[in-house]
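Commentary on secondary and tertiary structure
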Amino acid sequence: MHDAAIDPPRSLQPGSCSLQSLDQLQQDEERLAMLKETIDFLPIGAGITISDKEGKIVYVNQAEAAMHGYACTELIGRPARMLAPEAKAGGKRINHRTAGLWKRECLNVCKDGKIFPVQLTSLPIRNAGGDYLGLLTACEDMTQRKLCEQQLETLAYYDSVTKLPNRALLMDRLHQALALAQRERRELALLFLDLDNFKDLNSSKGHEVGDKFLQEVAARLAGCLCDSNTLARLGGDEFVIVINPVPGEEGVAATAARLQALFAEPFIIDGEELYGSTSIGIALYPEDGRDVESLLRCADAALYQAKSEGKAGYQFFSQEMNQVTMRRVALETGMRQGLARGEFYLYFQPQWDLKTLRLTGAEALLRWHSAEFGMVGPDEFIPIAESCGFIFDLGDLVLREACLHAVAWDGVCPGLKVAVNISGRQFRQPDFLQTVASVIEETGVRPSSLELEFTESVIMERAEKNIDALQALKKMGVRLSIDDFGTGYSSLNYLKHFPIDAIKIDRSFIADLVTDSDDAAIAEAIISMAHSLKLKVIAEGVESDDQLDFLADRRCDEAQGFYFAPPMPGEDFTSYVKRFSGLEDDSKPLSVAG
């Protein structure tokens with residue numbers, strides 16, 4: 001009633017009343033009076049109004065008046081349409097000759113001008129002869145219900161942290177965008193964004209800071225996009241952007257570059273400057289896929305390629321990537337099955353002391369001989385294990401098996417050490433120290449026989465926090481070394497405080513040190529610096545007499561490489577240990593390969 005014009009039948013309009021008998025009018029008035037008294041008596045919480053055939057209010061209950069900010073007396077005799085905004089005053093007209101129960105949602109207006117949603121239920125009032133007398137309307141305030149509906153919609157379709165569309169809403173919009181692109185025969189671009197090293201920030205700074213960082217990232221990304229594009233958060237540190245329409249491949253590339261440039265400036269979180277970067281994978285419709293699932297899969301493959309090439313870059317999808325992705329997924333499944341089938345085992349490469357010409361230890365190297373894929377190199381399966389979290393299972397296997405071998409060799413060659421590579425994800429595990437302690441206790445290995453190797457980048461990632469963890473390992477009696485030294489960035493200020501026993505010169509500097517003066521200078525500088533810090537130096541990848549002579553002349557402490565022996569299975573290394581551990585110093589050959 002409040003939002004519609006009243007159009008009573010012609011026979012009931014003013015001027016035709018003379019056609020009705022006074023008796024009929026009295027009956028009608030009595031009928032309305034009884035209706036009012038009945039409504040007053042009933043415990044009704046809704047607002048109730050009765051308007052006459054001219055649309056004027058002849059009755060209003062207290063709930064209706066209070067809902068709109070009036071006293072009941074202020075509404076009697078006034079048009080019912082005053083309770084609806086002016087914009088709604090011209091609503092559709094109802095034919096009361098045929099109208100029955102009528103429900104609708106609309107807007108009403110309070111005395112102070114406030115507009116609010118209501119649900120109206122109206123029923124025409126007729127006399128015994130069926131003539132229209134007026135309209136009875138029940139009014140329910142929908143403000144709270146609408147607010148709850150909005151909150152439920154927000155929970156269902158929007159991310160709680162960034163307030164961006166979530167996966168559910170993204171999928172809906174993406175399906176609509178693809179359907180439109182197909183009808184109009186035009187392109188669409190899907191961008192997958194992954195924040196580089198966000199998990200480290202989250203674990204080191206806490207989830208509260210991590211959430212604030214995500215909010216700042218979302219705000220910057222949103223400010224870089226136009227209204228026709230969709231920005232969504234899939235969860236974690238993953239964002240998706242739908243570019244529609246596509247400004248050509250070059251335009252998409254320019255957009256990706258702009259998005260990455262947003263991370264050049266630091267993010268100020270609680271007064272602290274935090275830096276980040278993003279890797280982006282791009283898939284195009286219809287070139288890379290014609291349905292949502294295909295596009296998402298292709299964008300994810302392109303993202304994986306972008307991260308594998310050094311992060312902070314973007315990649316368009318290609319069929320070659322698809323083949324790589326399929327193999328990566330197959331290898332991930334194969335690794336889990338292979339561990340149960342015992343397909344993983346250790347090889348060991350010996351390490352020699354260049355001063356005493358003694359066999360000092362070996363580096364444990366993980367190998368995988370898959371029943372399905374054959375020999376799979378660690379350069380291929382280790383990054384996959386890192387990304388999917390399987391590295392924890394493999395890391396435990398390597399650590400335990402290496403310690404068991406060290407126990408066996410200790411009886412043959414006392415003091416022989418076994419070096420085990422520790423990945424960044426392993427080291428960051430909260431229970432890493434407990435795991436190492438448990439393995440030492442369970443295997444009975446002499447702690448000094450175990451050497452843990454960390455890459456330069458891993459150890460410097462959270463330098464201040466890592467110092468405590470490394471010192472805890474040293475208290476256990478474990479030896480510590482930095483692997484691939486020279487390929488990352490180390491602060492000497494931190495390095496001198498790390499409880500490190502040795503550093504390993506990366507093989508990339510050893511390969512050409514005889515012919516490349518720069519590599520020679522770097523190797524010599526590393527040896528000199530390490531000795532000044534009272535650290536031992538181990539050279540990796542030694543393959544020739546010239547390399548060995550260079551290192552020996554510069555007083556490098558130890559070396560390993562094919563010059564001495566290639567990596568070998570545990571049984572072969574046992575024989576190797578027995579072969580060389582009993583020789584006198586002056587009878588040990590330096591060239592022991594073969």
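Think of each chain on its own: its residues are numbered from 1, step by step along the sequence as written. The predicted origin of the model limits local features to residues at a pLDDT of at least 70 and limits the giving and counting of side-chain atom pairs to 80 or more, whereas totals for whole chains, interfaces and linings rest on all residues. To get the side-chain values, all heavy atoms of the structure are used, and hydrogens and water are removed first.

Moving on: the overall build of the protein chain. Starting at the N terminus, helices and strands are each numbered in turn, a helix being any DSSP run of H or I of at least four residues and a strand any DSSP run of E of at least two. A tally of regular secondary structure across the protein chain gives 21 helices and 24 strands. Think of it in three bands: residues with accessible area under 20% of the maximum for their type are buried, residues over 50% are exposed, and the middle band is partly exposed, with areas taken using a 1.4 Å probe on protein chains only. Looking at the protein chain residue by residue over its 594 residues, the buried ones come to 47%. All accessible-area figures derive from a Shrake-Rupley calculation using a 1.4 Å probe, and residue coverage is judged against the displayed protein chains alone. Accessible surface, the protein chain: about 29100 Å² in total, of which carbon and sulfur atoms supply 51%.

Let's shift gears to helix H16 (residues 463–476). What a helix should span is 1.5 Å times the count of its residues minus one. Spanning 14 residues, H16 covers 20 Å between terminal C-alpha atoms, matching the ideal 20 Å at 1.5 Å per step. Regarding H16, the residues found buried are Ala463, Asn466, Ile467, Ala469, Leu470 and Leu473. One or two steps after H16, the chain reaches Gly477, where phi turns positive at roughly 95°.

Turning our eyes to something else, we now look at the nonpolar core. Think of a nonpolar core as a cluster: buried Ala, Val, Leu, Ile, Met, Phe, Trp, Tyr and Cys residues, connected wherever their side-chain atoms sit within 4.5 Å. Counting 82 residues, the largest nonpolar core has Leu452 and Leu551 as the members making the most contacts within it. Ranked by the residues each element gives to this core, the list is headed by helix H12 (residues 391–410), at eight residues. Note on contacts: a residue pair qualifies if any of its non-hydrogen atoms lie within 4.5 Å across the two residues. Discounting chain neighbours no more than four positions away, the residues touching Leu551 are Leu354, Ile510, Leu513, Ile527, Ala539, Val542 and Cys556.

Helix-helix packing is described using two parameters, namely the angle between the two axes and the distance between the axes. Viewed as axis vectors pointing N to C, helix H10 (residues 319–340) and helix H11 (residues 378–388) meet at an angle of 80°, and their least axial separation amounts to 10 Å. By the angle class used here, H10 and H11 are roughly perpendicular. In contact with Arg327, Arg328, Leu331, Glu332, Met335 and Arg336 of H10, H11 contributes Glu380, Phe381, Ile384, Ala385 and Cys388. Looking at the contact of H10 with H11 residue by residue, the classes come out as six nonpolar, no polar and five charged. Lines are fitted to the C-alpha atoms to define the axes, a helix being fitted only along its stretch in contact, and any angle between axes, read from their N-to-C directions, falls within 0 to 180 degrees. The labels follow the angle: roughly parallel below 35 degrees, roughly antiparallel above 145, roughly perpendicular from 65 to 115, and oblique for the rest. Just so you know the grouping, Ala, Val, Leu, Ile, Met, Phe, Trp, Tyr, Cys and Pro go in nonpolar, Asp, Glu, Lys and Arg go in charged, and all remaining residues, Gly too, go in polar.

For the rest of this paragraph, the subject is unusual backbone geometry. Here Asn244 and Pro245 are connected by a cis peptide whose omega angle stands at 5°. Tracing the backbone shows Pro245 in the loop between strand S10 (238–243) and helix H8 (248–261). Cis rather than trans, the peptide bond between Tyr285 and Pro286 has omega equal to 5°. Mapped onto the elements, Pro286 comes out in the loop between strand S13 (278–285) and helix H9 (292–308). The residue Arg185 is not glycine, and still its phi comes out positive at about 55°. If you trace the backbone, Arg185 turns up in the loop between helix H5 (167–184) and strand S8 (188–195). Phi angles above zero are rare outside glycine, and Arg555 is one such case at about 65°. Tracing the backbone through its elements, the reader meets Arg555 in the loop between helix H20 (545–553) and strand S23 (558–559).

Spatially, the five strands line up as an open sheet ordered S9-S10-S8-S13-S14, and their pairing is mixed. The strands lining the two open edges of the sheet, one partner per strand, are strand S9 (230–235) and strand S14 (314–316). Sheet twist, expressed as the mean angle between neighbouring strand axes with direction ignored, is 20°. At least two bridges found by DSSP between two strands is the condition for calling them paired. With six bridges joining them, S8 and S10 adopt antiparallel strand pairing. Looking at S10, one finds that Ala189 is bridged to Ile243. The strands that H5 touches are S8, S9, S10 and S13; relative to S9, the one it contacts most, it runs at about 140°. Strand contacts of H9: S8, S13 and S14, with the helix running at about 145° to S13, the strand carrying the most contacts.

What follows concerns the pairing of S10. In terms of burial, S10 is a largely internal element, five of the six residues being buried. Strand direction decides the pairing type here: S9 and S10, joined by five bridges, are antiparallel. Looking across to S10, one finds that Arg233 is bridged to Phe239. From the end of S9 to the start of S10, which pair antiparallel, there are two residues, and Gly236 there has a positive phi angle of about 60°.

How sure the predictor is of each residue is captured by pLDDT, a score from 0 to 100. Taken as a whole, the protein chain shows an average pLDDT of 86; of its residues, 87% reach a score of 70 or greater. In this model, residues 4–20 is a region of pLDDT below 50 whose contacts with residues beyond four sequence positions or in other chains number 35 contacts. Scored below 50 in pLDDT, residues 583–590 shows 14 contacts in the model against residues more than four places distant or in partner chains.

This next bit is on the packing of aromatic side chains. Side-chain rings of Phe, Tyr and Trp, where Trp is taken by its six-membered ring, are said to pair if the distance between their centres is within 6.5 Å; with planes under 30 degrees apart they count as stacked, over 60 as edge-to-face, and otherwise as tilted. For the structure on display, the rule yields 19 aromatic pairs. Look at Phe344 and Trp368: their rings are 5.1 Å apart centre to centre, the planes differ by 20°, and that puts the pair in the stacked class. A residue pair is termed long-range when its members are at least 10 positions apart, and Phe344 in strand S15 (residues 344–353) and Trp368 in strand S16 (residues 359–370) qualify at 24 residues. On the basis of relative accessible area, Phe344 is assigned to the buried category, the value being 7%. Between Phe348 and Phe573, the aromatic rings sit 6.0 Å apart at their centres with planes inclined by 35°, giving tilted as the arrangement. Of this pair, Phe348 sits in strand S15 while Phe573 sits in helix H21 (residues 570–581), and the two are 225 residues apart along the sequence.

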